[in-house]
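# Residue-level structural notes
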Amino acid sequence: MSVTRRQFLQLTAAGVGSTGLVALGFSPDRVLADVRNFKLSRTAETRNTCPYCSVGCGVILYTLGDRSKNAHSAVMHVEGDPDHPVNRGTLCPKGASLLDFIQSPNRLRYPEYRAPGSDKWERVTWEWALDRIARLMKDDRDKHFVAKNAAGVTVNRWPTVGMLAASASSNESGYITHKVFRAMGGVAFDNQARV
Ligand code: SF4
């Protein structure tokens, strides 16, 4: 006689052990066959930080694929990091939907450039984008840097640029970002945590 998984569990809970069920003619084979493999058993774990808000919850990304050359890896599960001191494994609904964000076809994956007067964005390399940003920063700083104020006091300000840092940065990357920007004379410095 075969029973469904639900019936098997009901009978077991009612006090009839699995040995007794076999003696009564019930076969647990089908029940055992229903046991599913743990879906994360063959995944690689990567720790990261939720990018959404200033709370900065820790997340674990589970990726399928053995990371060998030419193998296509894919994130297939995201959950809160139980060892992270901020969230201790929990995520709010927004963070819990990170998998959709990662797999979204609308996600921006590379830098794009729209030339002055153009009506379309063009894909560019990271090298091109970083060189372009560095060039514009250098030109603007050379043009507007203020070494001394009207009273002759050394101020070393670069008043025509602003920096908006990421709220999910670690203490270390936040510290370095602040130091680099201030070293260039930047004054207007804020963080996405206040947005
Ligand atoms: S999981 Fe929610 S609370 Fe935590 S950083 Fe992401 S958006 Fe903020």
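Refer to the preceding data block for the structure.
Residues numbered from 1 in each chain as written. Predicted model: local features only at pLDDT ≥ 70, side-chain atom pairs only at ≥ 80, totals over all residues. Heavy atoms only, no water.

In the vicinity of the ligand, the residues found are C50, Y52, C53, V55, G56, C57, L91, C92 and G95. In terms of residue class, the shell around the ligand is made up of seven nonpolar, two polar and no charged. (Near = heavy atom within 4 Å. Nonpolar A, V, L, I, M, F, W, Y, C, P; charged D, E, K, R; others polar.)

Glancing now at the pattern of salt bridges. In total, this model carries five salt bridges according to the counting rule given. A salt bridge links R47 to D83; the shortest N-O distance between them is 3.8 Å. Of the two residues, R47 is situated in strand β1 (residues 44-49) and D83 in the loop between β3 (74-80) and α4 (93-96); the sequence distance between them amounts to 36 residues. The partly exposed category is assigned to R47, whose relative accessible area is 46%. With its nearest N and O atoms 2.6 Å apart, the salt bridge here joins D142 to K138. (Salt bridge = Lys/Arg side-chain N within 4 Å of Asp/Glu carboxyl O. Helix = DSSP H or I, 4+ residues; strand = E, 2+ residues; numbered from the N terminus. Buried < 20%, exposed > 50% of the residue type's maximum accessible area, 1.4 Å probe, protein only.)

Among the secondary structure elements, T125 is positioned in the loop between β5 (122-123) and α6 (126-144). Taking the C-alpha atoms as reference points, T125 and Y110, separated by 15 residues in sequence, lie 7.5 Å from one another.

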